[in-house]
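Fold and contact review
The chain contents come next:
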Amino acid sequence: MYRNGVLYMGRIFGTDGARGIANTEISCTLAMNLGRSAAMVLAERIGRRPTVLIGKDTRISSDMLEAAMVSGLCSVGADVILAGALPTPAVAHLITREHADGGIMISASHNPYEYNGIKIFGPEGFKLTDAEEFEIEEIVLDSVKPYSIRWGWELGRIRHMPELRDDYIGHLAAAVPGGLSGLKILVDCSNGSASATAGKLLENLGADAKIIFSEPNGININKNCGSTRMEGLCGAVRDGGFDAGIAFDGDADRCLAVDENGRIVDGDEIMAILAMHMKSCGTLKNNTLVATVMSNLGLTRFAEENGIQLERTKVGDRYVLEKMRAGGFTLGGEQSGHVIMSGHMTTGDGQLTAIALLSVMKESGEKLSGLASVMTVYPQVLKSIRADNVMKHALITDPAAEVIIKKAEAQLGIDGRILVRASGTEPLIRVMIEGREKPLIEKLCGELTEQLGECLSDNEGLKRTAGI
């Protein structure tokens, strides 16, 4: 966001909370001070001491950062509920269930175990807005007000409530009243948060589910498993005669699927399947689906062919949700598998997405491959450029970068598109090209990435452009 004409990118928060290497970029001091400042902002809003619910994923640093965060919260008089290891959407749900004033999830989602992150939710279970995050940043980084340190009886109290995960599981199961009996499913929990909930959820729904990668040890989260490494799952589903496979990321706020033939069904295809089903049931509000600019061009064609309005947002499930809330829409998400079904949850929920998809399979009697054929996926190539914040800023201000991108667009033609954007969670600029001819887009993407990398490597020139 811009403040006083300056673009702040990743001072602390990116598109999905704060994230970085644990105990360096995401230090205990930072976690403690984020806890303090978040509690102060909440207390100011509600006019009393707040209660904050905390969840975490299974990585080795989560306990450490939880302890630092709890220290910060209690030191300024906030009470804390510790829910233990569970998915990010469980925190969003349990905030309202327990009448808490806010929530915090300690997770780095799909990143390797050495990373960690902090996501903050407001009292209604929604992620904070850019403006609210900036207010917290100002206290931590700019010392706009001193920390309101308490002592004696004013210190915060801590309650340990790991049993709350059962309430979350029950809430999800209620979304599929017909159950999932008769389906044979292979489920990859990524050695992450879903390890604590997915097995019991699918058992309650009557599915014949085999659960794999559900033995977290602190350093194996997302390691050669989960929604970012699905090669093994694809083969196992195909060779094992499963009806479908499901892969979660580290904090289980997203999922991808595998059909009976071992082919990945991504978030766009899952949204297309759910949109068609919800439209037929009359639950797709205003016949509208919300997706980001990263969603495949095939999703646009699908929507046009099936009388569905497609609304696009910038990248980040928070922006999808903002658009959904503004329009009262009931389905939205990202190609990566963040899918939001606002009738049931206030944020993307991988397990809810999975059981909703499986429910469509059971109700329709169709195989997943048949359901996914409703959408034709355009070839898509994605490459990355290592980039610091100065380079990210220059990407949107340097005329030379714009010229390079427009030249590539002219070569691609009208039946395709190019998207270049700065990552909100990693030190990268992402280059995506899609079109009908894969050899062409592979060639263009390689050339564009190389040319942009050279253009954006002059740090002194970039600093002048960015005014830094």
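Rules behind the numbers
Residues numbered from 1 in each chain as written. Predicted model: local features only at pLDDT ≥ 70, side-chain atom pairs only at ≥ 80, totals over all residues. Heavy atoms only, no water. Pairing = 2+ DSSP bridges. Helix = DSSP H or I, 4+ residues; strand = E, 2+ residues; numbered from the N terminus. Axes fitted to C-alpha atoms, helices over the stretch in contact; angles between N-to-C directions. Contact = heavy atoms within 4.5 Å. Buried < 20%, exposed > 50% of the residue type's maximum accessible area, 1.4 Å probe, protein only. Salt bridge = Lys/Arg side-chain N within 4 Å of Asp/Glu carboxyl O. Core = buried A, V, L, I, M, F, W, Y, C linked by side-chain atoms within 4.5 Å. Parallel < 35°, antiparallel > 145°, perpendicular 65-115°, else oblique. Left-handed = near helix turned anticlockwise from the far one by under 90°. Polar contact = N/O pair within 3.5 Å; in protein donor to acceptor, adjacent residues only side chain to side chain.

Some words on the sheet that holds strand E21 (residues 428-435)
Sheet architecture is open: three strands sit in the order E19-E21-E20, paired in antiparallel fashion. Looking at which strands have only one partner, the edges of the open sheet turn out to be strand E19 (380-386) and strand E20 (416-422). Averaged over neighbouring strand pairs, the angle between their axes works out to 15° when direction is ignored. Across the face of the sheet, helix H14 (residues 399-412) comes into contact with E20 and E21 while running at roughly 160° to E20.

Overview of unusual backbone geometry
Leaving glycine out, the prevailing phi sign among residues is negative, and the prevailing peptide bond configuration is trans. Positioned with a positive phi, Asn191 is a non-glycine residue whose angle comes to about 50°. In this structure, Asn191 sits in the loop between strand E10 (184-188) and helix H6 (198-204). Here Asn191 falls in the buried class, since its relative accessible area comes to 5%. The backbone phi angle of Asn286 is positive, close to 55°, even though this residue is not glycine.

Considering the pattern of salt bridges
All told, the structure shown has 26 salt bridges when counted by the stated rule. Note that Arg45 and Glu132 form a salt bridge whose closest N and O atoms lie 3.4 Å from each other. Of this pair, Arg45 sits in helix H1 (residues 28-46) while Glu132 sits in helix H4 (residues 130-142), placing them 87 residues apart in sequence. Judged by its relative accessible area of 22%, Glu132 is partly exposed. The partner of Asp239 in a salt bridge is Arg238, with the nearest N and O atoms 3.3 Å apart. Residue Arg238 is classed as partly exposed on the basis of its relative accessible area, which comes to 44%.

Focus on the nonpolar core
Counting 68 residues, the largest nonpolar core has Leu180, Phe248, Leu299, Leu331 and Ile355 as its most contacted members. Ranked by the residues each element gives to this core, the list is headed by helix H11 (residues 350-364), at eight residues. Leave out the neighbours within four places in its chain, and Leu331 touches Met271, Leu274, Ala275, Met278, Leu284, Thr288, Leu289, Val290, Met324, Val339, Ile340 and Met341. By size, the runner-up hydrophobic cluster in this structure holds 31 residues, among which are Ile54, Met69, Leu82 and Ile118.

A look at the packing of helix H8 (residues 267-281) against H11
Two elements in contact, H8 and H11, have axes separated by 10 Å at closest approach and are oriented at 55°. What the angle tells us is that H8 and H11 run oblique. Once H8 is placed against H11, the crossing between them reads as left-handed. For the pair H8 and H11, the contacting residues are Ile270, Ile273, Leu274 and His277 in the first and Thr353, Ala356, Leu357, Val360 and Glu363 in the second.

Concerning helix H3 (residues 88-97)
Taken across its ten residues, H3 has eight buried, putting it largely inside the fold. Residues of H3 that are buried include every one of Thr88, Pro89, Ala90, Val91, Ala92, His93, Leu94 and Ile95, and no others. On the buried face of H3, the contacting elements are strand E5 (51-56), strand E7 (102-106), strand E8 (115-121) and helix H5 (164-173).

Description of the side chain of Thr346
Tracing the backbone through its elements, the reader meets Thr346 in the loop between strand E18 (339-341) and H11. Among the polar contacts listed, one links the side chain of Thr346 to the backbone oxygen of Gly125, at a separation of 2.6 Å. The residues contacting Thr346, other than those within four sequence positions of it, are Ala92, Glu124, Gly125, Phe126 and Leu321.

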